[in-house]
Amino acid sequence: MYTYNPSHHSGDGLRSSGIPEKQPYVRSTAMAPADRKVMEVEMKEKGRPAEPEEPEREQWGAKMDFMLSMLGYCVGLGNVWRFPYLCYKNGGGAFLIPYLIMLTFAGLPLFFMELALGQYASLGPVTIWRCVPLFKGIGIAMCIMSGLVCIYYNMIIAWSLYYLFASFTSMLPWRTCDNWWNTPNCVETSAVANATNKTDNYTRISSSEEYFHERVLKYTVDLGNNSTARGIQHTGTMSWELALVLLLAWIIVFACLCKGVKSSGKVVYFTATFPYIVLIILLIRGAILPGAREGIIFYIKPDFNRLKDSQVWYDAASQIFYSLGVAFGGILAMSSYNKFNNNCHRDAVLIALANCGTSVFAGFAIFSYIGYMAHELKMPVGKVVASGSGLAFIAYPEALTLMPISPLWSILFFFMLLTLGLDSQFVMLETIVTALSDEFPTLLRQHKTWVLLAICICLYLLGLTQCTQAGIFWLEMMNWYSAGFCLIVTALIMAIGISWVYGIKRFSADIKEMIGYEPNIYFKACWMVISPALMLFIFIFSLVQYSPVVYNGIAYPDWAVTLGLLMAFFSILMIPLVGIIVVAKNKGSFTERFKKAITPDEKWGPAIMSQEQKEWKSTEGIDNPATIYDPGTMENGTDQPPLYDPRSINRYPLYDPRSLQQDPIRNGGSINDTSYSSRL
């Protein structure tokens, strides 16, 4: 969509055919009050009231707001507690080879695709599928997955708050085994460090593990008659401590998002940068600890034989995929608040590289402490390495108890986890709010704060299941199924829909319209063939390697596994279901209906429109819309001036009579061709 630009009428930038070249989008000033009055009168005569004007859509206050928000979204808990473990598990430094290959041919291209698509249309993940209405279900699937992840992700943030508050003490509570929650099987870390004659097969239950399971989660349910049980089927009682910290976590999220991207864009100046400060401090402190060298060597020592294992390539692809947050809708939502001419190509490369660099850097900080703990416990590094919540809330807290001034380091570490989690939570929640407000702009856009509040309350109530004694099992089930293979399927269909249905040429032209040049052959090849092929590999491999969810060696009952699978299929079933509904709503034969469903909607285009375009757009459907007259047509004696339909503004710039003063043909030149294009 375009606005009037005087250069179109001055002879600059015209093709030999006389058709004006595409110009970068230019925001126009509002239509003059007199012209608006004429428009209202003409529309009243036609018997059609003007459509209600949509509230103006907000934008980022500054470029850095967007960059830090996206960096915070991509750099999350997985960078700290999953990547280092995968690197150690899959050949150390050799794992960087498949990791960088997957980044190059899958992660970066898809990240750029979402970034460019969201910026071009300035719409949320659901409404943006005006480009191909048949695939509108992709946006709904993205919102469902983001909502499910928000439920359990904020519980992890609540755990971080719990540990953060517990760290404000002279001695960390998980350091000893003489507390009311400890069992006879508990062995203090210091006792293990001082013990002799230990073997590699030495097993124990650490005080930090019992603190997490028996004090924080209380996941052992007393059944009476001196019998206990653990599992998702044993709900037990509600932990009001966890319910309160979960409430606090949602209050923090709401407070940071209540003003939209204007407020969250300022909060990320702290939450996105603080983790880097803490990681640097932890790395410097950890590097001088005894055993740190062995831990870091264990982390990066390459084992190239592992590259023959397909599991290594699958782990690399899945880590890149989940780390960048592709197909969650967050990239579409955040980029939709960008300025139209923002260089999204450069942003995609910088953010993707920064995200991967952070993962590698975090591994050095984490393994320096793992090596220190192995040294103190006189155990191999491989015996103390953990992943996920086991690293963040068991292994790492245990390492902290061995350090001098351990409460200080504990406060820094869990505050870092808090900020890492909040950034990602901001974007996932904003994705849902943006999708709703863009789908129902006149109804919800002015009330985004209330929409946000309603969503926060609903997700908090759903998260209370994770505050029971079976809470950890609910969380692990949601983590296992909510964004697994369904995320891969959604991204695969998105790539096919944009590259093959919407069209790679059309999409490349859209990008050129924004940044002035088309993406190179590398991106086009990845979008059309390479990235979909890699995602298909990940999907097939995930199905072959599928196993039901298990936590801490405890299997789930059949009904829980079924519930998890329904959770996974619920999101991706929206894609064909919504597609069928879209086709059914169209008129004509099945072929005509389907063709319309894969054709861009008449409203498709840059959503940041000029006031002139918005007001003229309200004349759609009128038999004879108001016309713009070109006085020059009277020179050939034509009685009726040509009609100019403002709805075709995406093809031709508005005619401005003032350009007659600058037209050399009109001011003394020959007027042999009076066609519209030759007079421009």
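Remember, it's a predicted structure, so these values are computed and weren't measured experimentally.

## Re the overall build of the chain
Secondary structure assignment for the chain yields 27 helices and six strands. Going through the 680 residues of the chain one by one, you find that 57% of them count as buried. Counting only carbon and sulfur atoms, one obtains 62% of the accessible surface of the chain, whose full area is about 29000 Å².

## Remarks on empty space enclosed by the protein
In total, this model carries five cavities of 30 Å³ or more according to the counting rule given. The space that makes up the second largest cavity amounts to roughly 50 Å³. Lining the second largest cavity we find Ser 69, Leu 257, Ser 264, Val 268, Met 334, Asp 423, Phe 426, Val 427 and Glu 430. Listed by contribution, the elements that provide at least two residues to the lining of the second largest cavity are helix 10 (261–271) and helix 18 (406–439). For the lining of the second largest cavity, the element with the most residues is helix 18, which contributes four residues. Within the lining of the second largest cavity, the residues separate by chemical class into five nonpolar, two polar and two charged.

## Overview of the packing of aromatic side chains
Following the criterion strictly, the structure yields 49 aromatic pairs and no others. Aromatic pair Trp 60 and Tyr 337: ring centres 6.3 Å apart, planes at 85°, arrangement edge-to-face. Taken together, the residues span a long stretch of sequence, with Trp 60 in the loop between helix 1 (33–45) and helix 2 (63–74) and Tyr 337 in the loop between helix 14 (330–335) and helix 15 (344–377) at a distance of 277 residues. Residues Trp 60 and Tyr 337 agree in their burial class; the two are buried.

## Remarks on unusual backbone geometry
Most peptide bonds adopt trans geometry, and most residues besides glycine take a negative phi value. With phi around 55°, Asn 225 is a residue other than glycine that occupies positive phi space. Note on placement: Asn 225 falls in the loop between strand 3 (221–224) and strand 4 (227–229). In this model, Ile 405 sits at a positive phi of 50°, which is unusual for a non-glycine residue. Relative to the helices and strands, Ile 405 resides in the loop between helix 17 (389–401) and helix 18. Residue classification places Ile 405 among the exposed residues on the basis of a relative accessible area of 61%.

## Let's talk about the state of the cysteines
Throughout the structure, instances matching the rule amount to one disulfide. Between the sulfur atoms of Cys 177 and its disulfide mate Cys 186 the distance is 1.9 Å. Judged by the sign of its S-S torsion, about -65°, the bond between Cys 177 and Cys 186 is left-handed. Each member of the pair, Cys 177 as well as Cys 186, carries the same accessibility label: buried.

## Comments concerning the environment of Phe 168
Mapped onto the secondary structure, Phe 168 falls in the loop between helix 6 (136–166) and strand 1 (186–187). Here the alpha-carbon distance between Phe 168 and Ile 411, two residues 243 residues apart in the chain, equals 7.4 Å.

## Considering the nonpolar core
One finds Trp 159, Phe 393 and Leu 429 to be the most contacted residues of the largest nonpolar core, which totals 205 residues. Among residues more than four places away in sequence, those in contact with Trp 159 are Phe 212, Leu 217, Leu 242, Ser 389, Phe 393, Ile 472 and Leu 475.

## Here we look at the UniProt feature "binding site: Na(+)" (unreviewed entry) in the chain
In this structure's numbering, the residues bearing the UniProt feature "binding site: Na(+)" (unreviewed entry) are Gly 72, Val 75, Asn 79, Ser 323, Asn 355, Leu 420, Asp 423 and Ser 424. Annotated residues spanning 353 residues; largest pairwise C-alpha distance 13.2 Å, indicating a single compact cluster. When the annotated set is filtered for residues lining the second largest cavity, what remains is Asp 423. Secondary-structure assignment places Val 75 in the loop between helix 2 and helix 3 (77–81). If we skip the residues at most four places from it in the chain, Val 75 touches Tyr 276, Asn 355, Thr 358, Leu 420 and Ser 424. Structurally, Leu 420 is set in helix 18. If we ignore the near neighbours within four places in the chain, the residues touching Leu 420 are Gly 72, Val 75, Gly 76, Leu 77, Val 80, Tyr 153 and Pro 275.

## Description of the confidence of the model for the chain
Averaged over every residue, the pLDDT of the chain is 82; residues scoring 70 or more account for 79%. Low confidence marks residues 196–202, where pLDDT is under 50. Its contacts with residues over four positions away, or in another chain, come to nine contacts. Long-range and interchain partners of residues 609–680, a stretch whose pLDDT sits below 50, account for 115 contacts in this model, where long-range means more than four residues apart.

## Thoughts on the pattern of salt bridges
All told, the structure shown has 13 salt bridges when counted by the stated rule. We note a salt bridge from Lys 89 to Asp 315, for which the minimum N-O separation is 3.7 Å. Pair noted here: Lys 89 is in helix 4 (residues 83–89) and Asp 315 is in helix 13 (residues 310–324), with a separation of 226 residues, a long-range link. Residue Asp 315 is classed as buried on the basis of its relative accessible area of 3%. With its nearest N and O atoms 3.1 Å apart, the salt bridge here joins Glu 214 to Arg 230. With Glu 214 in helix 8 (residues 207–216) and Arg 230 in the loop between strand 4 and helix 9 (240–257), this pair connects stretches of sequence that are 16 residues apart. Taking relative accessible area as the criterion, Arg 230 reaches 36% and is therefore assigned partly exposed.

## Details of the side chain of Thr 468
Residue position: Thr 468 is located in the loop between helix 20 (448–463) and helix 21 (471–481). Taking the relative accessible area as the measure of exposure, Thr 468 reaches 10% and is therefore buried. Side-chain polar atoms of Thr 468 contact the backbone oxygen of Thr 465, separated by 2.8 Å. The contact partners of Thr 468, leaving out residues within four places of it in the chain, are Leu 217, Thr 235, Thr 237 and Met 238.

Conventions adopted
- Residues numbered from 1 in each chain as written.
- Predicted model: local features only at pLDDT ≥ 70, side-chain atom pairs only at ≥ 80, totals over all residues.
- Heavy atoms only, no water.
- Helix = DSSP H or I, 4+ residues; strand = E, 2+ residues; numbered from the N terminus.
- Buried < 20%, exposed > 50% of the residue type's maximum accessible area, 1.4 Å probe, protein only.
- Areas by Shrake-Rupley, 256 points an atom, 1.4 Å probe, with all protein chains shown as cover.
- 1 Å grid on protein atoms, 1.4 Å probe; cavity = no way out; pocket = protein on both sides within 12 Å on 5 of 7 lines; lining within 4 Å.
- Points joined across faces, edges and corners; volume = space filled by probe spheres on them.
- Nonpolar A, V, L, I, M, F, W, Y, C, P; charged D, E, K, R; others polar.
- Phe/Tyr/Trp six-rings, centres within 6.5 Å; stacked < 30°, edge-to-face > 60°.
- Disulfide = S-S within 2.5 Å.
- Core = buried A, V, L, I, M, F, W, Y, C linked by side-chain atoms within 4.5 Å.
- Contact = heavy atoms within 4.5 Å.
- UniProt positions renumbered as here; feature names shortened; annotations may be inferred.
- pLDDT = per-residue confidence, 0-100.
- Salt bridge = Lys/Arg side-chain N within 4 Å of Asp/Glu carboxyl O.
- Polar contact = N/O pair within 3.5 Å; in protein donor to acceptor, adjacent residues only side chain to side chain.

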